[in-house]
Amino acid sequence: MNIAVIGGGAAGFMAAITAKESNSNATLTIFEKSEKVLVKVKVSGGGRCNVTNATFSISQLIKNYPRGGKQLKKSFFHFYTKDTVTWFENRGVLLKTEADNRMFPKSNTSQTIVDLLLNTAENLNIRISYKSRVSAIELSDNKINLVVNGENLSFDKVIIASGGSPKASGLDWLTALGYRIVKPVPSLFTFNMPKNPVTELMGVSVPNVTASIKGSKLKQQGPLLITHWGMSGPAILKLSAWGAQDLAKTNYNFSVQINWLGVNEEELREEFTALSSSRKQMHNHNPFDIPKRLWHFMLNKLEIPETQIWNELAKKHKNRLINMLINDEFEVKGKTTFKEEFVSCGGIDLSEINMETMESKRHKGIYFAGELLNIDGVTGGFNFQAAWTTGYLAGKNSAL
Ligand SMILES: Cc1cc2nc3c(=O)[nH]c(=O)nc-3n(C[C@H](O)[C@H](O)[C@H](O)COP(=O)(O)OP(=O)(O)OC[C@H]3O[C@@H](n4cnc5c(N)ncnc54)[C@H](O)[C@@H]3O)c2cc1C
């Protein structure tokens, strides 16, 4: 059994290792177009590699995938987060869980993961062919032929794990085989608000906001960070991921509404009623779970004087303040790629794939794994988890 793996990333290595471990008679070759493998693993998670997430319920896990969650459910039944932890532990790499459930190698360096994958591949005699770009796949009787640097090579099975492509044209070699592609667009980005005065608050972090896209049902909760170019933080990144396709259509010109407190109007009005007997100065007495700098910024924006006392707040100001606290609107003009983790959504349409085996429904013997698929997760280790799961299944089933 001669198996080719296209792409030396997380998914490709997991696929090759699993195939060889499942069938020791198989010959495995990883074709990598560049001169290095596992580049993204190395830089991931700020150099620490956020390997997976300690979400050990499949029904919860799939909620972290704006695209592909439903389909991944079938795959996760075979290999999910717990299996990833065990897989690494069995090979001597212990993972640790941080407060927000992200899991990293105990060593705190991605090099541990790179070394493990490289050493395991070497011990299993998996061949790595560097500077070997696969430019076409041709099908003949019982063989699958790859065009590698212009040369024709023939295999029994092929696993395609060539990663995400920011442009649809990067997938032309697969559309040529008839595969349906969902047009790739970026996911996981931050919002630009050029010249908006809110950027004066750069560095301010608000613990629990609800951010929504005006005119849509897109809404996410979590911490928000004000940056010198606009807004970032988990609530914004999640919103960018869930809204990736819709926001691309607006060419990244849209309005975002921020509920700084994450409560509804009724709850907030009750809080205001309780404050209506307070003789404290509003500037000094911020009763809400938002930073002082943001509180002062809001009061100044509403031209509420420094000496204003809570129980003398005019109805007009009260209503405006309530509106600002729960429905503050900002114009977004453009996006910035998130420095820690970015992925492209789109790719091979999942209806082309048997998600339990990762085999193509169109062509027997061709398997898919990793970010090349129309699967993407929010930040937190979910993208690697999808790569490990689909890589594992592609490897195991191709080697049968
Ligand atoms: C800076 C950064 C940080 C990240 N941090 C995290 C994180 O901490 N946690 C997390 O879950 N996710 C993270 N991600 C996302 C995660 O890295 C990816 O989802 C994951 O690496 C995808 O793995 P893959 O094997 O599918 O693709 P890739 O890692 O992109 O590997 C594909 C490989 O295929 C090769 N290739 C492509 N085309 C061909 C061809 N035609 N012939 C031969 N070779 C080819 C490429 O050169 C590449 O080496 C991060 C991403 C980035 C960019």
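On a predicted model such as this, the values are computed, not experimentally measured, just so you know.

As for its placement among the helices and strands, Ser344 is situated in strand 19 (residues 343-348). Each residue touching Ser344, except ones within four places of it in the same chain, is listed here: Gly164, Ser165, Val185, Pro186, Ser187, Glu371 and Asp376.

Bringing the domain arrangement of the protein into the picture now. Taken as a whole, the protein is organised into domain 1 (2-186 + 340-398) and domain 2 (189-337). Each of domain 1 and domain 2 has a C-alpha centre, and the two are 39 Å apart. Facing 12 residues of domain 1, the contacting portion of domain 2 comprises 11 residues. With both sides pooled, the region where domain 1 packs onto domain 2 buries about 870 Å², and carbon together with sulfur makes up 68% of that total. Taken together, domain 1 and domain 2 are joined by 0 salt bridges. The tally of links from domain 1 across to domain 2 stands at 1 residue pair in polar contact (both at pLDDT 80 or more). Among the residues forming the side of domain 1 that touches domain 2, the class breakdown is 8 nonpolar, 1 polar and 3 charged.

What follows is about the packing of aromatic side chains. Taken as a whole and assessed by the stated rule, the structure comprises 16 aromatic pairs. Centre to centre, the rings of Trp295 and Trp310 are 5.9 Å apart; their planes meet at 15°, and the pair counts as stacked. Taken together, the residues span a long stretch of sequence, with Trp295 in helix 11 (residues 292-301) and Trp310 in the loop between helix 11 and helix 12 (315-326) at a distance of 15 residues. Judged by relative accessible area, Trp295 falls into the buried class, the value being 0%. Under the relative-accessibility criterion, Trp310 is labelled buried at 4%.

All right, on to the pairing of strand 14 (residues 219-226) then. One ladder, built from 6 bridges, connects strand 13 (residues 205-213) with strand 14; its direction is antiparallel. The partner of Ser212 across the bridge, within strand 14, is Lys219. In sequence, strand 13 turns back onto strand 14 through a hairpin of 5 residues, with Gly215 there showing a positive phi of about 80°.

So, about the pairing of strand 17 (residues 328-333). Of the two faces of strand 17, only the one carrying Asp328, Phe330 and Val332 is buried; Glu329, Glu331 and Lys333 on the other face are not. Note that strand 16 (residues 253-259) and strand 17 share 6 bridges and pair antiparallel. Its bridge partner lying in strand 17, Phe254 is registered against Val332.

What follows deals with the sheet that holds strand 12 (residues 189-192). Spatial ordering of the open sheet is given by 17-16-13-14-15-12-18, a layout of 7 strands whose pairing is antiparallel. Of all strands in the sheet, those bounded by a partner on one side alone are strand 17 and strand 18 (335-337). On average, each strand axis in the sheet is inclined to that of its neighbour by 40°, with strand direction left out of account.

What counts, and where the lines are drawn
Residues numbered from 1 in each chain as written. Predicted model: local features only at pLDDT ≥ 70, side-chain atom pairs only at ≥ 80, totals over all residues. Heavy atoms only, no water. Helix = DSSP H or I, 4+ residues; strand = E, 2+ residues; numbered from the N terminus. Contact = heavy atoms within 4.5 Å. Domains from an automatic or database assignment. Buried area = accessible area lost by both parts, 1.4 Å probe. Salt bridge = Lys/Arg side-chain N within 4 Å of Asp/Glu carboxyl O. Polar contact = N/O pair within 3.5 Å; in protein donor to acceptor, adjacent residues only side chain to side chain. Nonpolar A, V, L, I, M, F, W, Y, C, P; charged D, E, K, R; others polar. Phe/Tyr/Trp six-rings, centres within 6.5 Å; stacked < 30°, edge-to-face > 60°. Buried < 20%, exposed > 50% of the residue type's maximum accessible area, 1.4 Å probe, protein only. Pairing = 2+ DSSP bridges. Axes fitted to C-alpha atoms, helices over the stretch in contact; angles between N-to-C directions.

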